[in-house]
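# Report on the structure
Below, each chain spelled out in residue letters.
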Amino acid sequence: MDLHVAALSQMKGLPEEALDALISRTADLVEKPWDARVLYKDDPDFRMTTFGDFGVLYFKVDEADELITIFNVTWAG
C-alpha cells in the first residue's frame, strides 16, 4: 500500500475515529483490492470506496506489483 502525497495532505485534521475507519478499510483493501467500485469503466484499476460514514477514498490497483496506491481522500470535516 502506498499513499500519494496528495492523499496525505487531504488527511490533515482527520478525526481519530475517521482515521481508524480509514485504516481499517485500507487493511481490507490490501487483502481484497477488487472489493470496491470501479471509478472509470475504461480502466478498472482505478477504484473508490467509503471508509465508514466519514468519507471516500480513491485508489489504483497495480496487480503486477501487488500494490494499491491511495491518491485521494475526501471526507466531511
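Here, every reference points to the structure presented above.
As a starting point, this report considers the structure included with it. Computed from a predicted model, the values in this text were never measured in an experiment.

### Thoughts on the packing of aromatic side chains
All told, the structure shown has three aromatic pairs when counted by the stated rule. A ring pair is formed by Y40 and F46, whose centres lie 5.6 Å apart and whose planes are at 65°; its orientation type is edge-to-face. Using a relative accessible area of 45% as the deciding quantity, one classes Y40 as partly exposed. For the pair Y58 and F71, a centre-to-centre distance of 6.5 Å together with 40° between the ring planes defines the contact as tilted. A residue pair is termed long-range when its members are at least 10 positions apart, and Y58 in strand β4 (residues 55-62) and F71 in strand β5 (residues 67-75) qualify at 13 residues. Three or more aromatic residues joined by ring pairs form one cluster here, namely Y40, F46, Y58 and F71.

### With respect to the sheet that holds β4
A sheet is described by the order of its strands in space; here five strands give the open sequence β1-β5-β4-β3-β2, paired in mixed fashion. The open sheet terminates on both sides in strands that have one partner only, identified here as β1 (2-3) and β2 (37-40). Here three bridges tie β2 to strand β3 (residues 43-51), and the two strands are oriented antiparallel to one another. Note on β3: the bridge partner recorded for V38 is R47. Taken strand by strand, helix α2 (residues 16-31) contacts β3, β4 and β5, and its axis lies near 145° from that of β3.

Definitions and cut-offs
- Residues numbered from 1 in each chain as written.
- Predicted model: local features only at pLDDT ≥ 70, side-chain atom pairs only at ≥ 80, totals over all residues.
- Heavy atoms only, no water.
- Phe/Tyr/Trp six-rings, centres within 6.5 Å; stacked < 30°, edge-to-face > 60°.
- Buried < 20%, exposed > 50% of the residue type's maximum accessible area, 1.4 Å probe, protein only.
- Helix = DSSP H or I, 4+ residues; strand = E, 2+ residues; numbered from the N terminus.
- Pairing = 2+ DSSP bridges.
- Contact = heavy atoms within 4.5 Å.
- Axes fitted to C-alpha atoms, helices over the stretch in contact; angles between N-to-C directions.

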